[in-house]
Amino acid sequence: MRFLLLILPFLFFGKALGDDAIPASLTGAKGDPQRGRAIVANRQVGLCLLCHSGPFPEERFQGNLAPDLRSAARLTEGELRLRLVDPARANPQTIMPAYYRTEGLTRVAPSLRGKSILTAEQIEDVVAYLVTLK
Amino acid sequence: MLCMSLQAGEIPLGERRSGYEFMGRDTRAMQDDDSTNPALFWLMDGETLWKRKDGVAACSSCHETMKGVAARYPKVAGGRAVNLEQQINACRSERQKAAPLAYESRELLALTAYVARQSRGMPIEAGWNERTEAGRALFTRRQGQLNLACTQCHDDNWGKQLSGTTIPQAHPTGYPIYRLEWQDMGSLQRRLRNCMIGVRAEPYPYGSAELVDLELYLMWRARGMKLETPAVRP
């Protein structure tokens, strides 16, 4: 009984806790921060600057629907990876799209069905860039 | 299955603002002055079409003024919502015995703008009816590869910057509009399809029940706001 009481919270919250990070690289390799920066800045590829601002003095229009990307500094590499792959796992109400998830979506344009917004390689590039913001 | 129903706040009635209020001074001036509003050419064409016999009659053979009409559309009849363009086409095929006009054709935009212009300044009269909930469901449902619902931008984040664009509240007060980006006139359905394409969703076809239900919900959401057709938008 005592044991059950002790582990009960983990039965309920274990998933959320376990889901706060994806420690391992999706490709098994390290990404390239230069390429990652270009993806983040590109409005057709990363789309990040639609919502976020960040250290991109050359980009005139940046969004303000989301925190400045420099706030990523407080997150570990694994936490950042999870927030790109499927941010709803950190915050179910988030408006940030899941960049590496294809299921659970509605009426995706036919040419994009079954495709994630970014590839595994691109996710790793963006993660590699975001950790440089520390 | 998480958050399928979003508890996004509806905008309080007193805080609603037309897209007009988010525009720069030059664009507002263009809309306000009939002689610089590019929609003028469509209004002129609309008047010609209104008076011209097509099939067995002209619109003006049956109707006099259209004042107030656009403020009450879409209308619900027999469980289905019908928008102004569809009503115009219904009159054409049933009464004039003329061919229906294609969506986004110059003729249909011209006639719709000509009819709606006559309600400029009048408050939208839209009650809640049997199709409005279906429209709201579409407005609050996440969709597309970006998995965003209309409400997340237009109820929760209006006034903020999406890149270089200020997100408006999505009120249907000015349609058909002349949009500078299009260099053209366009219907409300064109605008709705644009936002769907923006979130990388498959847009519903022109004239589909879904788009008309959405129009109906947007009109209810904008009830009491003044029509400003033909509006200009960036």
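Residues numbered from 1 in each chain as written. Chains lettered and ligands numbered in written order. Predicted model: local features only at pLDDT ≥ 70, side-chain atom pairs only at ≥ 80, totals over all residues. Heavy atoms only, no water.

Trainee: So what's going on with the interface of chain A and chain B? Residues and values would help.
Mentor: Reports often express the size of an interface as the amount of accessible area lost when the parts come together. On the side of chain B, 23 residues touch chain A, which itself brings 28 residues to the contact. Of the roughly 2300 Å² buried between chain A and chain B on both sides combined, carbon and sulfur atoms contribute 55%. Of all residues in chain A, Leu65, Thr106 and Arg107 of chain A bury the most surface against chain B, accounting for 29% of the area lost on that side. Connecting chain A to chain B are 1 salt bridge. Taking the shortest distance from any N to any O, the salt bridge between arginine 113 of chain A and glutamate 202 of chain B comes out at 2.7 Å. Across the chain A-chain B interface, the total number found is 10 residue pairs in polar contact (both at pLDDT 80 or more). In terms of residue class, the side of chain A that touches chain B is made up of 15 nonpolar, 8 polar and 5 charged. (Contact = heavy atoms within 4.5 Å. Buried area = accessible area lost by both parts, 1.4 Å probe. Salt bridge = Lys/Arg side-chain N within 4 Å of Asp/Glu carboxyl O. Polar contact = N/O pair within 3.5 Å; in protein donor to acceptor, adjacent residues only side chain to side chain. Nonpolar A, V, L, I, M, F, W, Y, C, P; charged D, E, K, R; others polar.)

Trainee: Tell me about the packing of helix H4 (residues 77-85) of chain A against helix H5 (residues 120-131) of chain A, residues and numbers included.
Mentor: Residues and elements named next belong to chain A. Taken N-terminus to C-terminus, the directions of H4 and H5 make an angle of 135°; their axes are 10 Å apart at the nearest point. As the angle between them shows, H4 and H5 are arranged oblique. In the packing of H4 onto H5, the handedness of the crossing is right-handed. Side by side, H4 and H5 meet where Glu77, Leu80, Arg81, Leu84 and Val85 of the first sit next to Ile123, Glu124, Val126, Val127, Leu130 and Val131 of the second. Class assignment for the residues of the contact of H4 with H5 results in 8 nonpolar, no polar and 3 charged. (Axes fitted to C-alpha atoms, helices over the stretch in contact; angles between N-to-C directions. Helix = DSSP H or I, 4+ residues; strand = E, 2+ residues; numbered from the N terminus. Parallel < 35°, antiparallel > 145°, perpendicular 65-115°, else oblique. Left-handed = near helix turned anticlockwise from the far one by under 90°.)

Trainee: I'd love a proper account of helix H9 (residues 209-221) of chain B, names of residues and values included.
Mentor: All names here are of chain B. In this model, H9 (13 residues) spans 18 Å end to end at C-alpha, consistent with the 18 Å of a helix rising 1.5 Å per residue. Looking only at H9, the buried set comprises Leu211, Val212, Asp213, Leu214, Glu215, Leu216, Tyr217, Leu218, Met219, Trp220 and Arg221. The inward-facing, buried residues of H9 contact strand E1 (75-77), strand E2 (80-82), helix H4 (84-96), helix H6 (132-140), helix H7 (150-154) and helix H8 (188-198). (Expected span 1.5 Å × (residues − 1). Buried < 20%, exposed > 50% of the residue type's maximum accessible area, 1.4 Å probe, protein only.)

Trainee: Describe the packing of aromatic side chains, naming the residues involved and giving the relevant values.
Mentor: Across all of its chains, the model carries 8 aromatic pairs over all chains by this definition. Their ring planes at 80° and their centres at 4.7 Å tell us that tryptophan 128 of chain B and tryptophan 220 of chain B sit as a pair that is edge-to-face. Of this pair, tryptophan 128 of chain B sits in the loop between helix H5 (106-117) and H6 while tryptophan 220 of chain B sits in helix H9, and the two are 92 residues apart along the sequence. Residue classification places tryptophan 128 of chain B among the partly exposed positions, given a relative accessible area of 38%. Residue classification places tryptophan 220 of chain B among the buried positions, given a relative accessible area of 13%. Between the aromatic rings of phenylalanine 139 of chain B and tyrosine 217 of chain B, the centroid separation amounts to 5.4 Å while the plane-to-plane angle is 55°, which identifies the pairing as tilted. One end of the pair, phenylalanine 139 of chain B, is in helix H6; the other, tyrosine 217 of chain B, is in helix H9, and 78 residues separate them in sequence. Taken together, the ring pairs in this structure connect Trp128, Phe139, Tyr217 and Trp220 of chain B into an aromatic cluster. It is arginine 107 of chain A that lies over the ring of tyrosine 204 of chain B; its NZ or CZ is 3.7 Å from the centre. The ring of phenylalanine 22 of chain B carries the charged tip of arginine 17 of chain B above its face, separated from the ring centre by 4.7 Å. (Phe/Tyr/Trp six-rings, centres within 6.5 Å; stacked < 30°, edge-to-face > 60°. Lys NZ or Arg CZ within 6 Å of the ring centre and 35° of its normal.)

Trainee: How would you summarise the state of the cysteines if you had to cite specific residues and measurements?
Mentor: Residues and elements named next belong to chain B. Evaluation of the coordinates by the stated rule reveals 0 disulfides over all chains. Summary of cysteine pairing: cysteine 91 is not part of a disulfide, and the nearest cysteine sulfur, belonging to cysteine 62, is at 7.4 Å. Counting only cysteine sulfurs, cysteine 195 is the nearest neighbor of cysteine 150, a cysteine outside any disulfide, at a range of 7.3 Å. (Disulfide = S-S within 2.5 Å.)

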